[in-house]
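Commentary on secondary and tertiary structure
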Amino acid sequence: MNARLLPWAVFALIVAGLALGTAGPGNGAPATAALPEADGDGPEIRMAPVAMREFHDDGTWNRLDAREAVYSYGRKTVKGSEVVVFLGTGEDFKGSVIRAPRAFWDFNGRTVSLPDGGEADREGGWKGELSPADLDLAAGVLRVPGPVSLSGPGFSLAGTNLVWRWLDGKITLDSPVTRVAPAALPGRKG
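Below you will find a few notes about this structure. (Residues numbered from 1 in each chain as written. Predicted model: local features only at pLDDT ≥ 70, side-chain atom pairs only at ≥ 80, totals over all residues. Heavy atoms only, no water.)

1. Let's talk about the overall build of the protein chain
Counting secondary structure elements, the protein chain contains one helix and twelve strands. In the protein chain, the order of α-helices and β-strands from amino to carboxyl end is α-β-β-β-β-β-β-β-β-β-β-β-β. The buried share of the protein chain, taken over its 190 residues, is 36%. Summarising the internal contacts of the protein chain: among those between residues at least 6 apart in sequence, 38% fall at separations of at least 24. Here the protein chain displays about 11,300 Å² of accessible surface, and carbon together with sulfur accounts for 57% of that area. (Helix = DSSP H or I, 4+ residues; strand = E, 2+ residues; numbered from the N terminus. Buried < 20%, exposed > 50% of the residue type's maximum accessible area, 1.4 Å probe, protein only. Contact = heavy atoms within 4.5 Å. Areas by Shrake-Rupley, 256 points an atom, 1.4 Å probe, with all protein chains shown as cover.)

Next up, the structure:
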């Protein structure tokens, strides 16, 4: 064996050992109730806790942290519980984070589905409550077809069908209802 290939061979053996040696419910090992169900589509790795990054050729990356997760080799997906998704372009977590009870990350499609919705935080004091949502990581778009509530410095708003293009800084929302705090109005002293 070529000496340059030895580290890769060792890594492949470790990954294969993890995949084959992980005990599942059928092997008599207790299953964790919060861990997502397996896809049954080829080998899987169960991990806890998890910090996953997807690096791109242009130097940007996406990051998803989870308390527990299942990585499916065949589908190239991760199902996680108690998830934090970091949005942005890879610069030290600048931008936004979304916390969700569960998430499904499809590496091929570069999407993250949040079937139970979640909570969003953005630098500058912005917060959001989201119903089930989908993140398109390639396009930099968050879509929430159901109800959404957002708050920022001095105001809050609620509506439906949120589309947030975070790379462009543009948000659209159907049927918005806005509340502005009096102290936030121009010319008012708080």
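2. Focus: the environment of Ala-158
Counting through the fold element by element, Ala-158 comes out in strand 11 (residues 155-165). The sequence separation of Ala-158 and Ser-175 amounts to 17 residues, and the corresponding C-alpha distance is 8.0 Å. Excluding residues that lie within four positions of it along the chain, Ala-158 makes contacts with Val-148, Ser-149, Leu-173, Ser-175, Pro-176 and Val-177.

3. Remarks on the nonpolar core
Ranked by internal contacts, the top residues of the largest apolar core, which has 32 residues, are Val-112, Leu-135, Leu-142 and Leu-162. Where this core is concerned, the elements lending two or more residues are strand 2 (50-55), strand 3 (61-72), strand 4 (77-87), strand 5 (96-106), strand 6 (111-114), strand 9 (133-136), strand 10 (141-152) and strand 11. Those residues within four positions of Leu-162 in sequence are excluded, and the remaining contacts are Leu-130, Leu-142, Arg-143, Val-144, Val-148, Leu-150, Ile-171, Thr-172 and Leu-173. (Core = buried A, V, L, I, M, F, W, Y, C linked by side-chain atoms within 4.5 Å.)

4. Let's talk about the layout of surface pockets
Estimated volume of the largest pocket: approximately 270 Å³. Lining the largest pocket are 17 residues, with Arg-122, Trp-126, Leu-150, Trp-164 and Ile-171 positioned closest to its centre. Elements that contribute at least two residues to the lining of the largest pocket include exactly strand 7 (118-122), strand 8 (126-130), strand 10, strand 11 and strand 12 (170-180). In terms of residue count, strand 8 provides more of the lining of the largest pocket than any other element does, four residues in total. Across the lining of the largest pocket, the residue classes tally to nine nonpolar, four polar and four charged. (1 Å grid on protein atoms, 1.4 Å probe; cavity = no way out; pocket = protein on both sides within 12 Å on 5 of 7 lines; lining within 4 Å. Points joined across faces, edges and corners; volume = space filled by probe spheres on them. Nonpolar A, V, L, I, M, F, W, Y, C, P; charged D, E, K, R; others polar.)

5. Topic: the pattern of salt bridges
Summed over all chains, the structure comprises six salt bridges. Across the pair Arg-67 and Glu-68 runs a salt bridge whose closest N-O atoms are separated by 3.5 Å. For Arg-67, a relative accessible area of 34% gives the class partly exposed. As a salt-bridge pair, Asp-121 and Arg-99 come within 3.0 Å of each other at their nearest N and O atoms. Of the two residues, Asp-121 sits in strand 7 while Arg-99 sits in strand 5, which places them 22 residues apart along the sequence. For Asp-121, a relative accessible area of 25% gives the class partly exposed. One network of salt bridges, with partners in common, ties together Arg-67, Glu-68 and Glu-82. (Salt bridge = Lys/Arg side-chain N within 4 Å of Asp/Glu carboxyl O.)

6. Quick look at the environment of Leu-173
Along the chain, Leu-173 turns up in strand 12. Each C-alpha atom, one on Leu-173 and one on Asn-161, is 5.6 Å from the other, the two residues being twelve residues apart in sequence. Residues within four places of Leu-173 in sequence aside, it is in contact with Val-148, Leu-157, Ala-158, Gly-159, Thr-160, Asn-161 and Leu-162.

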